[in-house]
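Summary of structural features
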Amino acid sequence: MFHRRGTPATGSRARFFERVLFLVAFLSFGYVGSVALDRLYFQRIESVRLARFAPAGPVAQNPKKRPTEALGVIGRLSISAADVDSIVVEGVDARTLRRAVGHIPNTALPGEPGNVALAGHRDTIFRGLGRLQLDDPIRLVTPTGTYLYRVEDLRIVEPTETEVLAAGPAPMLTLVTCYPFNSIGAAPQRYIVRAREVGRPAIARSRTTPHVDPP
Amino acid sequence: MKRISILLSCLLLAIGGSAQAQGGTISVTAEAEAKEPATAAGTPTRILTNVGAPGTGGQTGESRTSTVGTTGGYHAPGNPALPSKADGDSMSNEAMAANSATASTNSLPRTASHEPTILLIGLGALVAALLMFRRRASV
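Residues numbered from 1 in each chain as written. Chains lettered and ligands numbered in written order. Predicted model: local features only at pLDDT ≥ 70, side-chain atom pairs only at ≥ 80, totals over all residues.

**Here we look at the overall build of chain B**
- Along its length, chain B carries four helices and two strands.
- Written out in order from the N terminus, the α and β elements of chain B read α-α-β-β-α-α.
- In chain B, which comprises 139 residues, the share counted as buried stands at 34%.
- Put simply, of all contacts in chain B between residues at least 6 apart along the chain, 56% involve residues at least 24 apart. (Helix = DSSP H or I, 4+ residues; strand = E, 2+ residues; numbered from the N terminus. Buried ≥ 20, exposed ≤ 12 C-beta atoms within 10 Å, placed from the backbone. Contact = placed C-beta atoms within 7 Å.)

So, in structure tokens, the structure goes:
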């Protein structure tokens, strides 16, 4: 049974509900803020780590290891046309993608023949990907040098169309994010950016000889 | 009272669903996206069953328990497979091995974060709370 408006019972109930709503708002903002801070912190830390492994450094202590195994970080992705500047790490699990761009496991790494496939959140790091146009440059800085790519294809696909990860005859870079960009909730499609490699590292060193500090 | 309870339940359910989708094992978003398999990326899982066909990078018929929360291995045709990492002498090595061992799936990773949804819920709650406060203050 509802009380009439203005009675003390209604007032206390309204006050309680109001407090709950404030709490919900506080928790929501707190969560979103903490995720953003965690991302900033992770990016800062990994940037410092990546900078330590400059290409001009000495050869690796363990040449059998690939750079990602030694570092855990693949490199830094920079796309000025899309305002993207993010660390790239291995994996596409939820935690990784909350913090950085993820390298899709079992696709090629920069410098290897094949297709380097990277995934990122459409509403954070890859938000500006929709602004990319053909021939826009993409830069991928890795411990072995800087790789340059040019966008050659933009397309929207279904999540099941994994053919976009297939390797072509030339070294490629494929960026994957959810589509549409402005929707909220589950994304029914994927936005794909394919770029061809146009520049090899200025300091050409083998992938198998990264600079790794002794343990 | 009934109305308030219903509103509260809806709000808490919405928040709970989003938060669990971020790091738990139950995913409201994943359920809505019925096209994708349950082990799609972004849905941490404890038991990973490798179902890849021979030669596709997955391991056939092998069940594997993992606590890393990594899901969704992707092996693109024509790409070089990662080398075996049996030595496991470093943490990153183990992480890489876990990634390689996960099942081959037939979908691209899910890359929509839940922050906008949660932010929207927070904004809605704040606006509602302010309206209630204003109304109460004016009585």
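**Examining the overall build of chain A**
- Helix and strand counts for chain A come out as three helices and eight strands.
- For chain A, the sequential pattern of α-helices and β-strands runs α-α-β-β-α-β-β-β-β-β-β.
- When burial is assessed residue by residue, chain A has 44% of its 215 residues classed as buried.
- For chain A, the proportion of contacts with a sequence separation of at least 24, taken over those separated by at least 6, is 65%.

**A word on the nonpolar core**
Residues and elements named next belong to chain A.
- The biggest cluster of nonpolar side chains holds 47 residues, and the ones touching the most others in it are Val88, Leu118 and Leu173.
- Of all the elements in the fold, those that place two or more residues in this core are strand S1 (73-79), strand S2 (84-90), helix H3 (94-99), strand S4 (115-119), strand S5 (137-142), strand S6 (145-157), strand S7 (172-179) and strand S8 (189-199).
- Of the residues forming this core, the biggest block, six residues, is contributed by S7.
- Excluding anything up to four places from it in sequence, Val88 contacts Ile74, Gly75, Arg76, Leu77, Ala100, Val101, His103 and Leu118. (Core = buried A, V, L, I, M, F, W, Y, C linked by C-beta atoms within 7 Å.)

**Overview of the sheet that holds S5 of chain A**
- With mixed pairing, the eight strands of this closed barrel are ordered in space as S1-S2-S3-S4-S7-S8-S6-S5 (chain A). On average, each strand axis in the sheet is tilted by 30° relative to the strand beside it, whichever way the strands run. (Pairing = 2+ DSSP bridges. Axes fitted to C-alpha atoms, helices over the stretch in contact; angles between N-to-C directions.)

**Some words on the pairing of S2 of chain A**
All names here are of chain A.
- In terms of burial, S2 is largely enclosed, as six of its seven residues are buried.
- Between S1 and the antiparallel strand that follows it, S2, lie four residues; Asp83 among them carries a positive phi value of about 55°.
- One ladder, built from three bridges, connects S2 with strand S3 (residues 101-103); its direction is parallel. Its bridge partner being in S3, Val89 is matched across the sheet by Gly102.
- Regarding the hand of the β-α-β motif, the stretch spanning S2, H3 and S3 is right-handed. (Right-handed = clockwise from strand over helix to strand, strands pointing away.)

**Concerning the confidence of the model for chain B**
Residue and element names in this part refer to chain B.
- Per-residue confidence for chain B averages 53 on the pLDDT scale, and 24% of its residues sit at or above 70.
- This model gives residues 15-73 a pLDDT under 50, and the stretch forms 131 contacts once residues within four places in sequence are excluded.
- Segment residues 81-104 is flagged for pLDDT under 50; beyond a separation of four residues in sequence, or across chains, it makes 57 contacts in the model.
- Listed scores for the predicted complex are pTM 0.63 and ipTM 0.70. (pLDDT = per-residue confidence, 0-100.)

**Here we look at unusual backbone geometry**
Residues and elements named next belong to chain A.
- With an omega of 0°, the peptide bond between Tyr179 and Pro180 qualifies as cis.
- Along the chain, Pro180 turns up in the loop between S7 and S8.
- Phi is positive for Asn106, close to 70°, though the residue is something other than glycine.
- Inspection of the secondary structure puts Asn106 in the loop between S3 and S4.
- A count of 23 C-beta atoms within 10 Å places Asn106 in the buried class.

**Observations regarding the confidence of the model for chain A**
Residue and element names in this part refer to chain A.
- Averaged over every residue, the pLDDT of chain A is 83; residues scoring 70 or more account for 80%.
- The spread of mean pLDDT over the elements of chain A runs between helix H2 (residues 67-71), the lowest at 53, and S4, the highest at 95.
- Scored below 50 in pLDDT, residues 56-65 shows 17 contacts in the model against residues more than four places distant or in partner chains.

**Side note on the environment of Phe53 of chain A**
- The residue Phe53 of chain A is located in the loop between helix H1 (8-52) and H2 in this model.
- With 89 residues separating them in the primary sequence, Phe53 of chain A and Thr142 of chain A have C-alpha atoms 8.8 Å apart.

**Side note on the pairing of S5 of chain A**
Residues and elements named next belong to chain A.
- Here S1 runs beside S5; their pairing, made up of three bridges, is antiparallel. By the bridge assignment for S5, Arg76 is matched with Val141.
- Two strands pair when backbone bridges link them, and S5 and S6 are joined in this way by six bridges, in the antiparallel orientation. Looking at S6, one finds that Val141 is bridged to Thr146.

**Side note on the environment of Ala195 of chain A**
All names here are of chain A.
- Mapping Ala195 onto the fold places it in strand S8.
- Its 27 C-beta neighbours within 10 Å are what place Ala195 among the buried residues.
- Beyond its immediate sequence surroundings of up to four residues, Ala195 is in contact with Ile138, Tyr149, Arg150, Val151, Glu152, Met172 and Leu173.

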